[in-house]
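# A closer look at the structure
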Amino acid sequence: MENKNLHTNNDTFLAQWLEGELSDTELKNRISEQDYTAFVKLRKALEVSSELNASTKDSFYKIQEKIANKKTPVRRLHTARWSIGIAASILVIVGLFSIFSDTTVTHQTSFGETKSIPLLDGTQVVLNSKSTISYNQTDWKNNRQLTLDGEAYFKVEKGSTFTVHTSNGSVTVLGTQFNVNSTTDFFDVVCYEGKVGVKTNTSEHILLPTNSIRKINGNSSQPSVTQLLKPTWIDGESTFKSVPIKYVIKALEDQYNIKIDAASIDDTTIFSGSFPHNNLGVAFTTVFDALGITYNETQKRNIKLRY
Amino acid sequence: MAKDNCNVCESKVFEAIYNTYAKDIRRFLFYKTQDVDKAEDILQEVFIKLWENCSKVDYHKVKSYVYSIANNMFLNEKKHEKVVLNFNNNNGKFDTNESPEYILLEKEFMEKLENTISALPEKQREVFLLNRIEKKKYKEIALHLDISVKAVEKRMHQALLVMRKEIGNV
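One structure accompanies this document, and this report is about it. (Residues numbered from 1 in each chain as written. Chains lettered and ligands numbered in written order. Predicted model: local features only at pLDDT ≥ 70, side-chain atom pairs only at ≥ 80, totals over all residues.)

### Here's the deal with the overall build of chain B
Quick reminder of the rule: Helix numbers and strand numbers start at the N terminus; a helix is a DSSP run of H or I with at least 4 residues, a strand a run of E with at least 2. For every residue, the other C-beta atoms within 10 Å of its own C-beta are counted; 20 or more classify it as buried, 12 or fewer as exposed, and values in between as partly exposed. C-beta atoms are placed from the backbone.
Regarding its fold elements, chain B presents seven helices and zero strands. Of the regular secondary structure in chain B, the N- to C-terminal order runs α-α-α-α-α-α-α. When the 170 residues of chain B are sorted by exposure, 25% land in the buried category.

Below, the structure written as structure tokens:
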């Protein structure tokens, strides 16, 4: 009996053989041929069995990965349809934007900067410091309209109506030279040549050459007369005529990129005069000395005013 | 599985189907191929195919469907092997990888073996499973169970003897 034979010998050698501590040949020498064949098959079967019983989870991840890489035909159709839809709508949106907004041209100036902008029809626009204009380039020939925030001088070529929109009102001309200064609560239009129509929320005016109109805080003042042929700021000098000092201070700030603290002075004091754009010292002397206001620089670019 | 209106294309349903049948299919494929790695490969292909055709498969017939694919894929594999074999023969490069002592593991044999393992005496089974399933060395098992290595080896030896007796002569 083989079994008896197996028992009579050492009683751990099968365990050692299974673990690889005993070689096949050694086992073969100890037991019968038939037993040997049976145990070899048993060992193979045990290996396979543990592999067959192993978790299939890893394979599932591999399957998912392969599916993702393959992108099944069903999926592909769907995603393709989606992406075409998305691409189309992006195109449409971009197209709409380019029609409605992309041709709007904007020009901007920063502190102390003036900029001369020739428009398509030959009109000249000179932008004073801290000002912005924007207009629609494509439709310019038929529709001469632009939006202004700040101050600009216009030398308009003759043609269709030319309109300047500001937050304070609009200025309409046919062909002329005029200056518009519009900030939040200050609106000043001066006509130098031709005829200028000014329309605000509350009133309408026709300006003849040398006439000007000004609105401060929505109250229009008397039309006044200027002797100048064009605004002085074009030549590097800001000129004011009976303007509350606070707008002069604002102009100084925009021109020189400084901060002026006017808390301790009366900023409604009326000022007439001008200041140069290239010399801060002279500008301060001409504006504030005349009004008996002293000034000193508390910090860099911060100036405090007092009497 | 009793739920109606189950769509195979839903990834949760798909995963559930996989969890239900994957092991059985792998086994099924192993008995045919006698190769665990090949069975694993075909198993993956089977479920990829199921996913690709998920909309055409009735949930209630999914079991027979996956077995059919598995079988077909196995046959395709065999056909391909024959082509490779022929090619090698004609080119004079034929070289068999099969060892002379080729061992065929039939379904009946495997089932008998597995039943025997689960019927082992508790002490032998514990050691046996720790070694075969958890892949622990005898030393580790001895430490784990607080017995000598010799005792572990004795139990393994006994377990193998029991199995030898149960499966009979081959």
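### A word on the overall build of chain A
Selection rule: Contact definition: two residues whose C-beta atoms, as placed from backbone geometry, lie within 7 Å.
Tallying secondary structure elements over chain A gives eight helices and 19 strands in all. Per-residue burial for chain A yields a buried fraction of 27% across its 307 residues. Relative to all contacts within chain A whose residues are 6 or more apart in sequence, the contacts with residues 24 or more apart total 41%.

### Quick notes on the environment of lysine 158 of chain A
All names here are of chain A. Examined against the element boundaries, lysine 158 turns out to sit in the loop between strand S5 (144-155) and strand S6 (162-166). According to the C-beta neighbour criterion, lysine 158 is partly exposed, with 13 such atoms within 10 Å. Spatially, the C-alpha atom of lysine 158 lies 9.3 Å from that of glycine 122, the residues being 36 residues apart in sequence.

### Some thoughts on the interface of chain B and chain A
In plain terms, the rule: Just so you know the grouping, Ala, Val, Leu, Ile, Met, Phe, Trp, Tyr, Cys and Pro go in nonpolar, Asp, Glu, Lys and Arg go in charged, and all remaining residues, Gly too, go in polar.
Taken together, the contact between chain B and chain A spans 37 residues of the former and 35 residues of the latter. Looking at the side of chain B that touches chain A, the elements that each hand over two or more residues are helix H1 (11-33), helix H2 (36-52), helix H4 (107-118) and helix H7 (149-167) of chain B. Ranked by the residues each element gives to the side of chain B that touches chain A, the list is headed by H7 of chain B, at eleven residues. Along the lines of polarity and charge, the residues of the side of chain B that touches chain A split into 21 nonpolar, four polar and twelve charged.

### Thoughts on the sheet that holds strand S18 (residues 294-299) of chain A
All names here are of chain A. Rule in force here: When DSSP finds at least two bridges between two strands, those strands are taken to pair. Between the N-to-C directions of two axes lies an angle of 0 to 180 degrees, each axis being a line fitted to C-alpha atoms and, for a helix, fitted only over the stretch in contact.
Taken in spatial order, the three strands line up as S16-S19-S18 in an open sheet, and their pairing is mixed. Each end of this open sheet is capped by a strand with a single partner; those strands are strand S16 (259-261) and S18. If you compare each strand with its neighbour and ignore which way they point, the axes differ by 30° on average.

### Let's talk about the nonpolar core
Nonpolar side chains tend toward joint burial in soluble globular proteins. Spelled out, the test is: We define the nonpolar core as any set of buried residues of the types Ala, Val, Leu, Ile, Met, Phe, Trp, Tyr and Cys, connected via C-beta atoms lying within 7 Å of each other.
Membership of the largest hydrophobic core comes to 45 residues, with the highest contact counts inside it found for Ile25, Leu29, Leu43, Val46, Val66, Ala70 and Met156 of chain B. Among the elements of the structure, helix H2 (13-18) and helix H4 (33-53) of chain A together with H1, H2, helix H3 (62-90), helix H5 (122-132), helix H6 (138-145) and H7 of chain B are those that each provide at least two residues to this core. By residue number, the principal contributor to this core is H1 of chain B, which donates nine residues. With residues up to four places along the chain from it excluded, the contact list for leucine 43 of chain B reads Ser59 of chain A together with Ala22, Ile25, Arg26 and Leu29 of chain B. Within the second largest apolar cluster, 25 residues are counted, among which are Leu127, Leu146, Val189 and Val198 of chain A.

### Topic: the pairing of strand S12 (residues 211-216) of chain A
Residue and element names in this part refer to chain A. For S12, the buried fraction is high: five of the six residues fall into the buried class. Bridge count between strand S9 (residues 186-193) and S12: five bridges; the pairing is antiparallel. Pairing of phenylalanine 187 across the sheet is with lysine 215, part of S12.

### As for the environment of leucine 228 of chain A
Among the secondary structure elements, leucine 228 of chain A is positioned in the loop between strand S14 (224-225) and strand S15 (237-244). Owing to 14 C-beta atoms within 10 Å, leucine 228 of chain A belongs among the partly exposed residues under this scheme.

### Here we look at unusual backbone geometry
The phi torsion at asparagine 257 of chain A lies on the positive side, around 55°, for a residue other than glycine. Here asparagine 257 of chain A is to be found in the loop between helix H7 (245-256) and S16. In the Ramachandran plot, glutamine 34 of chain B falls in the positive-phi region, its phi being about 60° despite a non-glycine side chain. Within the secondary structure, glutamine 34 of chain B is located in the loop between H1 and H2.

### Brief notes about H4 of chain A
As a reminder of what qualifies: Here the expected length of a helix is defined as 1.5 Å per residue gap, with one fewer gap than residues.
Between its terminal C-alpha atoms H4 of chain A stretches 30 Å, which fits the 30 Å expected from 21 residues at 1.5 Å a residue. Taken as a whole, H4 of chain A has its buried residues at Ala38, Phe39, Leu42, Ala45, Leu46, Val48 and Leu52 of chain A. Where H4 of chain A is buried, its residues meet H1, H2, H4, H5 and H7 of chain B.

### Topic: the packing of H2 of chain B against H3 of chain B
All names here are of chain B. Applied cut-off: Roughly parallel means an angle under 35 degrees; roughly antiparallel, over 145; roughly perpendicular, 65 to 115; everything else is oblique. We call a crossing left-handed when the near helix sits turned anticlockwise from the far one by less than a right angle, and right-handed when that turn is clockwise.
Between H2 and H3, the shortest axis-to-axis distance is 9 Å and the interhelical angle comes to 125°. Considering their axes alone, H2 and H3 lie oblique with respect to each other. Between H2 and H3 the crossing geometry is right-handed. Where H2 approaches H3, its residues Ile42, Glu45, Val46, Lys49 and Leu50 are matched on the opposing element by Val66, Ile69, Ala70, Met73, Phe74 and Glu77. Residues belonging to the contact of H2 with H3 are distributed by class as follows: eight nonpolar, no polar and three charged.

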